[in-house]
Amino acid sequence: MNKKAIKLVVVTCCLIIAGVPPLAFVRYLESHAVYSAEETLGDYAGRMVDHLEVTIDEGVLALTDLAANGVIACDPTAIDAMRRAIFDTYVLREIAVVDNDGNTICADTIFKTERWTLSRQDTVNRAIDVSVVTDEQTFMRSLALRYRPSEHRALVAHFAPNSLGLDVLPDRWRSAGLARLTLLDGTEFQTVPNRIETAFEQTGDTIGAMAVSNRYPLSVDVRVDRETVMRDYESLKAYALVAMSIFASIVLGVAVFIARQRPSASDDISQGLRDGEFIPYYQPVINLNSGRLEGCEVLVRRRRRDGTIQSPAAFIAQAEADGQIVPLTRQLMRLTIDDLGACYARRRGMSVAFNLCAHHFTSDQIVRDVEAIFAESPISPSQLVLEVTERFPLDDTVTAVRVIAELQAVGAKVALDDAGTGHSGLAMLHRLGMDIVKIDKLFIDPIQADTQNAPIVDSLVDLAKKLGMSVIAEGVETLDQVNYLRSHGVDSAQGYLFAPPLPAASYIALVEAMGTVSEEADEPQKGMVA
């Protein structure tokens, strides 16, 4: 994964880290609030079920005691006993003796039995039924117990509505909460707190819990408005969100810092290689004796996405320092084949020169690259000139000599670039076994019309000729320089006098327009240098 992708991943992770914890915490807080409320409401529902069971137990005990005392005889003593039972237990409102059809035989005279209407009846066991009844005057619902001590008569007890419910909701929930007391089939007989309507309607988003009696067919469903529950956690949520916002701001600051970081020079070159931004330009090399075009030197340029062109000074030093010069050179070689392959295939005498650096001469990798790239290409290895600059020393001259020999063995020529400017000294020319010496522009610039001698140029030319090397002058810009160089034995030259570095299309057009040293001697000469 490249560093740009890594930066994108890191920034994305920062954004996730900044956004997820606050959202996750709010979600956790809400979940915790719901769970805590459900647990609390479950306890409330359980307490209400316990209260209902105790209340009904009292009613059952009262009826069984009355039956044991012969109340079903309906004599005055029986009615007095029923009255005492009403006063002794606060949970009952009326007691009556009924026949199998539910008709009242006798009752305590405190209330009239006829005002109760049966809504629903469930069997507790063979002797006891529990029913939901409605008071026809108040329309309040309650429970009734029927105890059958004999085959023909039964005792019925109606519970006081206010005895069944237990208001256990806390004050903060009471206005938005409701407990619904029902039979197991859902028939409601009371709500707590009491509402005008008897049915509990879920008109909004609520949180609730249910408890079911193990002894009677009863259940309690307690519910509270969700917004009311969440209001209890607003302060905690506010403090947490402030803390999380500070955390998120820090993380987002880190993300912005990372996003705004410009890539390093090395990363920038790597990205340029991946995007194919490095392209070859071609500077013509002219034979000073014939005036013909004999080849070119490949000079790299970088074409940015916005179309701007960068010179090598902006990136070559970094590419050489971190070793990316090696893949950059390979890329240039392949692009050169794409550009000049067809043209050079018809002109085998044309040369193309590539700049190498000291790093290329630390192993035979460059030899393998040349063989792999040019072995089957339209440009043959014999058309290659591989230049190594003298500006920087070759650390391992033994390896360098071997690599140079191997390059020459595959057919390429090797040139010493920027001759006279560096560390090797003229004595190294013979030891390195170079084929060509290229004189740096630094020594060409002083040559003028009245120049009688240029000692360094003359010395380099004299030494090169004695060693059997060709000489190319770089940076030639005037005709006076051409005349001096030609008269002093320099074979070829390149510079703005002839042409600047050209894009592929312009260079190929120049090749087509000018004669080359490989063309027949009797072909009309074009582009002759005066």
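Residues numbered from 1 in each chain as written. Predicted model: local features only at pLDDT ≥ 70, side-chain atom pairs only at ≥ 80, totals over all residues. Heavy atoms only, no water.

### Focus: the nonpolar core
Right, so step 1: In this structure, Tyr344, Phe361, Phe374, Leu407, Leu485 and Tyr507 are the most contacted members of the largest nonpolar core, which totals 61 residues.
Right, so step 2: Membership of the second largest hydrophobic core comes to 57 residues, among which are Ala37, Ala67, Phe189 and Val222. (Core = buried A, V, L, I, M, F, W, Y, C linked by side-chain atoms within 4.5 Å. Buried < 20%, exposed > 50% of the residue type's maximum accessible area, 1.4 Å probe, protein only.)

### Focus: the confidence of the model for the protein
Right, so step 1: The share of residues in the protein with pLDDT of 70 or more is 83%, and the mean pLDDT across the chain is 83.
Right, so step 2: Mean pLDDT across the secondary structure elements of the protein bottoms out at strand β3 (residues 116–123), with 58, and peaks at strand β19 (residues 492–493), with 96.
Right, so step 3: Scored below 50 in pLDDT, residues 196–200 makes nine contacts in the model with residues more than four places away or belonging to other chains.
Right, so step 4: Across residues 520–530 the pLDDT falls below 50, and counting only partners more than four positions away or on other chains, this stretch makes 24 contacts in the model. (pLDDT = per-residue confidence, 0-100. Helix = DSSP H or I, 4+ residues; strand = E, 2+ residues; numbered from the N terminus. Contact = heavy atoms within 4.5 Å.)

### As for the pattern of salt bridges
Right, so step 1: Under the counting rule described, the total for this entry stands at 23 salt bridges.
Right, so step 2: With a closest N to O distance of 2.4 Å, Asp57 and Arg215 form a salt bridge. One end of the pair, Asp57, is in helix α1 (residues 3–68); the other, Arg215, is in the loop between β9 (206–212) and β10 (218–225), and 158 residues separate them in sequence.
Right, so step 3: For the salt bridge of Arg180 with Glu188, the shortest nitrogen-to-oxygen distance reads 3.0 Å.
Right, so step 4: For Glu188, a relative accessible area of 4% corresponds to the buried category.
Right, so step 5: The network of salt bridges with common partners includes Asp268, Glu277, Arg302 and Arg304. (Salt bridge = Lys/Arg side-chain N within 4 Å of Asp/Glu carboxyl O.)

### Some details on the pairing of strand β14 (residues 351–356)
Right, so step 1: Bridge count for strand β12 (residues 293–303) against β14 is three bridges, and the pairing is parallel. Paired with Cys296 across the bridge in β14 is Val352.
Right, so step 2: Relative to strand β15 (residues 384–389), β14 runs parallel, the two sharing five bridges. Considered in β15, the bridge of Phe354 is made with Leu386.
Right, so step 3: Between β14 and its parallel partner β15, the chain crosses via helix α10 (residues 365–374), and the hand of that crossover is right-handed. (Pairing = 2+ DSSP bridges. Right-handed = clockwise from strand over helix to strand, strands pointing away.)

### Focus: the state of the cysteines
Two cysteines whose sulfur atoms are joined by a covalent bond form what is called a disulfide.
Right, so step 1: Under the defined criterion, the tally for this structure stands at one disulfide.
Right, so step 2: A sulfur-sulfur distance of 1.9 Å marks the disulfide that ties Cys74 to Cys106. Its S-S torsion of approximately -75° makes the covalent link between Cys74 and Cys106 left-handed. Residue Cys74 is found in the loop between α1 and α2 (76–88), and its partner Cys106 is found in strand β2 (residues 104–107); the two are separated by 32 residues along the sequence. Per residue, the accessibility class of Cys74 equals that of Cys106, and both read buried.
Right, so step 3: For the unlinked cysteine Cys296, the closest cysteine sulfur is that of Cys343, found at 9.1 Å. (Disulfide = S-S within 2.5 Å.)

### Considering helix α7 (residues 265–275)
Think of an α-helix as 3.6 residues a turn; residues three or four steps apart then line up on the same face.
Right, so step 1: Among the residues of α7, Asp267, Asp268, Ile269, Gln271, Gly272 and Leu273 are the ones counted as buried.
Right, so step 2: Immediately beyond the C-terminal end of α7, within one or two residues, lies Gly276, with a positive phi of roughly 70°.

### Considering the pairing of strand β16 (residues 413–419)
Strand residues, when the strand is regular, have side chains that alternate between the two faces of the sheet.
Right, so step 1: Across the seven residues that make up β16, a large majority, six, are buried.
Right, so step 2: The pairing of β15 with β16 spans five bridges and is classified as parallel. By the bridge assignment, Val385 is partnered in β16 with Lys413.
Right, so step 3: Pairing of β16 with strand β17 (residues 436–439) involves three bridges; the strand directions are parallel. Bridge assignment links Ala415 to a residue of β17, and that residue is Ile436.

### Quick notes on unusual backbone geometry
Right, so step 1: Residues other than glycine seldom take positive phi values, yet Cys74 does so here, at roughly 60°.
Right, so step 2: The class for Cys74 is buried, based on a relative accessible area of 18%.

### Points about the sheet that holds β9
Right, so step 1: Strand order in this open sheet of four strands is β8-β7-β10-β9, and the pairing throughout is antiparallel. Single-partner strands in this sheet number two, and they are β8 (188–192) and β9. Taken pair by pair, the neighbouring strands of this sheet meet at an average axis angle of 20°, ignoring direction.
Right, so step 2: Where β9 lies against β10, seven bridges are found, and the strand directions are antiparallel. If you follow Gly208 over to β10, its bridge partner there is Arg223. (Axes fitted to C-alpha atoms, helices over the stretch in contact; angles between N-to-C directions.)

### Digging into a nonpolar patch on the surface
Right, so step 1: A contiguous nonpolar patch, built from Val242, Ile246, Ile250 and Val254 and spanning about 370 Å² of accessible area, is present on the exposed surface.
Right, so step 2: As for its placement among the helices and strands, Val254 is situated in helix α6 (residues 234–260). (Patch = residues over 30% accessible without salt bridge, like charges linked within 9 Å, V, L, I, M, F, W, Y side chains within 5 Å. Areas by Shrake-Rupley, 256 points an atom, 1.4 Å probe, with all protein chains shown as cover.)

### A few points about the packing of aromatic side chains
Right, so step 1: Inspection of every chain in the model, using the stated rule, returns three aromatic pairs.
Right, so step 2: Geometrically, the ring pair formed by Tyr282 and Tyr507 is stacked, given 5.6 Å between the ring centres and 25° between the ring planes. Of this pair, Tyr282 sits in strand β11 (residues 278–287) while Tyr507 is found in helix α16 (residues 504–513), placing the two residues 225 residues apart along the sequence.
Right, so step 3: Over the ring of Tyr281 we find Arg301, and its NZ or CZ is 5.7 Å from the ring centre. (Phe/Tyr/Trp six-rings, centres within 6.5 Å; stacked < 30°, edge-to-face > 60°. Lys NZ or Arg CZ within 6 Å of the ring centre and 35° of its normal.)

### Points about the packing of helix α9 (residues 325–345) against α16
Right, so step 1: Viewed as axis vectors pointing N to C, α9 and α16 meet at an angle of 10°, and their least axial separation amounts to 10 Å. As far as their axial angle goes, α16 and α9 are roughly parallel. The residues of α16 that touch α9, namely those facing Asp339, Leu340, Cys343 and Tyr344, are Ala504, Tyr507, Ile508 and Val511.
Right, so step 2: Each residue belonging to the contact of α9 with α16 can be placed in one class, and the counts come to seven nonpolar, no polar and one charged. (Parallel < 35°, antiparallel > 145°, perpendicular 65-115°, else oblique. Nonpolar A, V, L, I, M, F, W, Y, C, P; charged D, E, K, R; others polar.)

### Looking at the side chain of Thr451
Right, so step 1: Counting through the fold element by element, Thr451 comes out in the loop between α13 (441–444) and α14 (455–466).
Right, so step 2: Separated by 2.7 Å, the side chain of Thr451 and the backbone nitrogen of Gln448 make a polar contact.
Right, so step 3: When near neighbours in sequence (up to four residues on either side) are disregarded, Thr451 contacts Pro446 and Tyr484. (Polar contact = N/O pair within 3.5 Å; in protein donor to acceptor, adjacent residues only side chain to side chain.)

### Concerning α14
Right, so step 1: The end-to-end C-alpha separation of α14 is 16 Å, in line with the 16 Å expected for 12 residues at 1.5 Å each.
Right, so step 2: Those residues of α14 that fall on the buried side of the exposure criterion are Val457, Leu460, Val461 and Ala464. For α14, the arc enclosing every buried residue in end-on projection is 95°, short of the 170-degree limit, so these residues lie on one face. Exposed residues lying more than 90 degrees from the buried face of α14 are Pro455 and Lys466.
Right, so step 3: The inward-facing, buried residues of α14 contact β16, β17, α13, β18 (470–473) and α15 (479–487).
Right, so step 4: Looking one or two residues beyond α14, the residue adopting positive phi is Gly468, at roughly 75°. (Expected span 1.5 Å × (residues − 1). Arc of directions from axis to C-beta.)

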